[in-house]
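# Fold and contact review
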Amino acid sequence: MAKSNKKQAITMKEIKRQKFLLIWSAVFVIYGIIFYYVPLGGWIMAFQHYKPKTGLLHSKFVGLDKFKFLFYDDVFLKVIRNTLAMGILTLVATFIMAIAFAILLNEVKSMFAKKAIQTISYLPHFLSWIIVCGILHDALSGSGIVNEVLVGLHILKTPINFFAHPGYFWPIVAFANVWKETGWNAIIYLAAITSIDPCLYEAASIDGGGRWAKIRHITLPGIRPTIMILLIMNIGNVLNTSFEIPYLLGNGLIKSVSDTIDIYVLTWGISQSDYSLGTAAGIFKSIVSIVLILIANSVAKRSGGERLF
Amino acid sequence: MKFRKYFVTLMAAAMATGMLTGAVSAEEYSDDQIKDYTMFIAMPGSEKNDGNEVKEIIAHKIGGRVKEIWLTGQTDAEAVGTIIASGEYPEFINGGDAMAALYDADVLVAWDDYIDNYPNLKEMYTDKEWDMFRQEDGHIYWANVFGNTYGMSKATTHNDEAFWIQAKVLEWAGYPQIETLDEYFDVLEKYYEANPTLEDGTKVIPYTMLCEDWRYFCIENAPEFLAGYPNDGSVIVDKENMQIVDYNTIPIAETYFRKLNEEYSKGIIDIEFGTQTYDEYIAKLSTGAVLGMCDQWWDFAYTVNDVFKQQGLDIAGCNYVPLGLVAEKGQENRWHTYGDTLNNSSGVAITTSCDDVEAAFQFLNDLLDQEIHDLRFWGVEGVDYLVDENGLYYRTPEMRMQVADNEYKASHMCDYSYMPQWGGTSKDGINAMTPTEQTSEFFEGLAEPLVKCFEAYGAGNYPDMIHSVVEENAPWFPMYSFSNAMTTETEGGVAWTKMGEVKHEWLPKVVMSDDFDTTWAEYMEAYNATNPEAFLAEMQEELERRAAAAAE
């Protein structure tokens, strides 16, 4: 971490010395160019009236027409709202739950119990979304277990169809993410916690600090850098979190809250074969993601904490 | 294992050829001469097992074998869009409503140069009908495989839409005349009150509706029929004024949805109707717990009736009987389509990925050979059907039970159901092309409650239950073949897509609403905002084009 920050002149000798490192990094740069930058050439579709028949080279250019269509389309505006809402709700819920879970787990003294809980809690991460959504769909259906319990306990008079009411959808999405990812996300925080110097805890005990004080003044500050970095990275992913669940659990009735940018791209780009419109929506999404990362990063920078770049 | 499978196949093939009388006797193709094709079908379906017996027999006779890949979990447009984006095509494709996208992508082989060499294929349509398949560039790229009657029609089913009701409900109610929605729901309500559960304790669902993807017609298009018009699908054609009418906004639509809303709040309509998938819907119907629904026969009957037969639910009177409901008592209806429906917007196509186009056409052609056609739909003689002294095909009760078994269907039967086929009379002049249309088979296979029900209403078959007007299809019929093929290239096409989205969202909402009038007004506002006029104008133009073309 604390290497000298003095700028070194790049000499031939230095280059020779790092020959293998340079060759290896070149491999990754080339990989990046081929798989991340070359495909960006496809963005040109967004400014064309692209047809598979005419291809990239011969399709007609239409300027910003596709973007105009997007922003005059009420559905697209709703879709942006839904994507952001689901993304942020999911981010906040999974983030807080993972940290809280890691700290609680860290407080468990029995090694066996701790390991068992950890293993059990991160197992759902390995289930694919289609399975998780299947379980949710059955559990929350009109004759599913949730309704049976609620009716059995006389909390509800008649079963409700959870997927027929727009109000329930976002919380269901956030809940599904929490259920699936909490255990997994907690692993990184647990690792960060173990790297905290045990002397600090000892010192706190001597000063009369209880568990709560130790969590507040040692554990949390200790994993703060990890939290910040993960937060910034996850903010960049906010718009990416919402394809599988809305796609698998959405239906015509709650379209207005369940459709996201990715689903919009699928509907128009693939189903209606308007690749140009799909690309335009995709570009918009990428730009928003970049802006979000920049904002998060600069906020972190200003508050003097860890940051990505 | 491999040897055994091979042996069984060979035995089956040998048995079949041994017993077949007439034209083809020896196997014509050896294993390494058989060409393997794949076919994508933009519909959900059941896969055949490898080594399916009839498939192997057909392969050895005509030298081709097709692996059918069905739609799973996606919409047809999504699946076809993904195939186009990937650039890899199966040799055969039946893209449902997404055929236009395939044409746009320029990946289909034009039929024009080939069609004359393949008499069985050519025979499917008249020249005038073939012309209807021509796309903008003047070529034919696909042929619809359904709705073709050879010789005299033998139709005994109502292969159309209707409000369906279980035979046992009608029996319980003493076979009343049911003509209107009010009467229909009245019977359902009364029966449900008296029988809230099945014998095994399953809760009865008096009425359910399917709203998933394109199958939302089950909730959406009843107003056109209630108003007495035929299945033009996306619009009503007012013949007198030659005017396109939007059935979504006619007063009958509002009355219909108001009735549904009432029934929903009474607990008569399934609470899951708005969110259930097609599979869930079929599973629900298969339990026998659903008393009624509005649907097309082909959308549920093939699967559900076979399950009923296997489970003995047909004897319990669970089979569905169609009712030709109308808005006003005594009004005429057109739920049943008597003539053939030519839907030129979809069909089977050969893609440019096929390296031997001629062999592919030959294969399609040979599938229509009467002997092969019999194998596809009747099965193997002596195993799946018998022939009496007059040459009439028939099945024993055991055979009927066997062919209704899913396991058996996967391992033995192979109808290539989305390949060219005929309905109507067999070329032998005696039998029907398919067992479902064989009159004697139909009555033999009919469960007792259905027989009693038909007798009570004086009906000889399903269409008789409906009392539709018997008339020839109008030359522009069905208009849905035009709207199905619309793309977002045109203003009307964009409007059509958006109208669909709005209806998908609002129709179930309207039914579930606590305050019908407000929700209906909101729906109408959202609907009108999609610019339906642009869609209707393009439909009007097409109607005039079709009418003019027919007058020529």
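Residues numbered from 1 in each chain as written. Chains lettered and ligands numbered in written order. Predicted model: local features only at pLDDT ≥ 70, side-chain atom pairs only at ≥ 80, totals over all residues.

Let's shift gears to helix α13 (residues 297–311) of chain B. All names here are of chain B. Helix length check: α13 (15 residues) gives 20 Å between terminal C-alpha atoms against 21 Å at 1.5 Å per residue, within 8%. Its maximal kink placed at Val-304, α13 deviates by approximately 25°. Residues Phe-300, Ala-301, Val-304, Asn-305 and Phe-308 constitute the buried set of α13. Buried positions along α13 lie against α12 (278–286) and β10 (290–296). Gly-312 sits one or two residues past α13 and shows a positive phi near 75°. (Helix = DSSP H or I, 4+ residues; strand = E, 2+ residues; numbered from the N terminus. Expected span 1.5 Å × (residues − 1). Bend = angle between axes of the 7 residues up to and from the residue. Buried ≥ 20, exposed ≤ 12 C-beta atoms within 10 Å, placed from the backbone. Contact = placed C-beta atoms within 7 Å.)

Bringing the interface of chain A and chain B into the picture now. Counting from both sides, the interface comprises 20 residues of chain A and, opposite them, 26 residues of chain B. Elements with a contribution of two residues or more to the side of chain A that touches chain B: α13 (255–258) and α14 (261–271) of chain A. Among the residues making up the side of chain A that touches chain B, the classes are represented as seven nonpolar, nine polar and four charged. (Nonpolar A, V, L, I, M, F, W, Y, C, P; charged D, E, K, R; others polar.)

We now examine the confidence of the model for chain A. In low-pLDDT segments, the atomic positions of the prediction should not be examined closely. Averaged over chain A, the pLDDT score is 89; the fraction of residues at 70 or greater is 97%. Looking at the elements of chain A, mean pLDDT is at its lowest for helix α3 (residues 55–58) of chain A, recorded as 83, and at its highest for helix α2 (residues 19–37) of chain A, recorded as 94. (pLDDT = per-residue confidence, 0-100.)

This part is about the sheet that holds strand β12 (residues 348–350) of chain B. Residue and element names in this part refer to chain B. The sheet built from five strands is open, its strands ordered β2-β1-β3-β12-β4 with mixed pairing. The sheet is open, and its two borders are formed by β2 (64–70) and β4 (142–143), each paired with just one other strand. Examined bridge by bridge, β4 and β12 share two bridges and lie antiparallel to one another. Bridging from a neighbouring strand, Trp-142 pairs with Ala-349 of β12. (Pairing = 2+ DSSP bridges.)

Each regular strand carries side chains that alternate between the two faces of the sheet. Residues and elements named next belong to chain B. Burial along strand β11 (residues 320–323) is two-sided: Tyr-320 and Pro-322 and Val-321 and Leu-323, pointing in opposite directions, are all buried. With four bridges connecting them, strand β6 (residues 161–166) and β11 associate as antiparallel partners. By the bridge assignment for β11, Ile-165 is matched with Val-321.

The subject of this paragraph is the domain arrangement of chain B. It is common to report an interface's size as the accessible area lost on association of the parts. In terms of domains, chain B is made up of domain 1 (2–151 + 343–439), domain 2 (161–340 + 448–466) and domain 3 (480–551). Class assignment of the residues belonging to the side of domain 1 of chain B that touches domain 2 of chain B gives a composition of three nonpolar, four polar and two charged. (Domains from an automatic or database assignment.)

All right, on to the domain arrangement of chain A then. Residues and elements named next belong to chain A. The assigned domain composition of chain A is domain 1 (13–63) and domain 2 (72–302). Contacts between the two partners involve seven residues from domain 1, matched on the other side by five residues from domain 2. In terms of residue class, the side of domain 1 that touches domain 2 is made up of four nonpolar, three polar and no charged.

Here we take up the packing of helix α6 (residues 111–122) of chain A against helix α9 (residues 166–194) of chain A. Residues and elements named next belong to chain A. One way to put it is that α6 packs onto α9 with a least axis distance of 6 Å and a crossing angle of 125°. In terms of axis orientation, α6 runs oblique to α9. Where α6 abuts α9, its residues Gln-118, Ser-121 and Tyr-122 lie against Thr-182, Gly-183, Trp-184 and Ile-187. In terms of residue class, the contact of α6 with α9 is made up of three nonpolar, four polar and no charged. (Axes fitted to C-alpha atoms, helices over the stretch in contact; angles between N-to-C directions. Parallel < 35°, antiparallel > 145°, perpendicular 65-115°, else oblique.)

Direction vectors running N to C along α14(A) and helix α3 (residues 76–86) of chain B enclose 65°, while the axes themselves pass 8 Å from each other. Compared by their axis directions, α14(A) and α3(B) come out roughly perpendicular. Crossing of α14(A) against α3(B): the hand is left-handed. Contacts between α14(A) and α3(B) involve Leu266(A), Ile270(A) and Ser271(A) from the first element and Ala77(B), Glu78(B), Gly81(B), Thr82(B) and Ala85(B) from the second. Per-class residue counts for the contact of α14(A) with α3(B) are four nonpolar, three polar and one charged. (Left-handed = near helix turned anticlockwise from the far one by under 90°.)

So, on to the nonpolar core. Residue and element names in this part refer to chain B. Membership of the largest hydrophobic core comes to 97 residues, with the highest contact counts inside it found for Ile-165 and Tyr-184. At ten residues, the largest contribution of residues to this core is made by helix α22 (residues 491–512). Once residues within four sequence positions are removed from consideration, Tyr-184 is found in contact with Phe-163, Ile-178, Leu-323 and Leu-325. Phe-92, Val-380, Met-413 and Met-433 belong to the second-largest nonpolar core, a separate cluster that totals 64 residues. (Core = buried A, V, L, I, M, F, W, Y, C linked by C-beta atoms within 7 Å.)

This next bit is on the environment of Gly233(B). Residue and element names in this part refer to chain B. Of note, Gly-233 is situated in the loop between α10 (222–226) and β8 (236–238). Given 22 C-beta atoms within 10 Å, Gly-233 falls into the buried group. Distance in space between the C-alpha atoms of Gly-233 and Ala-474 is 14 Å, their sequence separation being 241 residues. Sequence-distant contacts of Gly-233, that is, excluding residues within four places in its chain, are made with Asn-221, Pro-478, Met-479, Tyr-480 and Ser-483.

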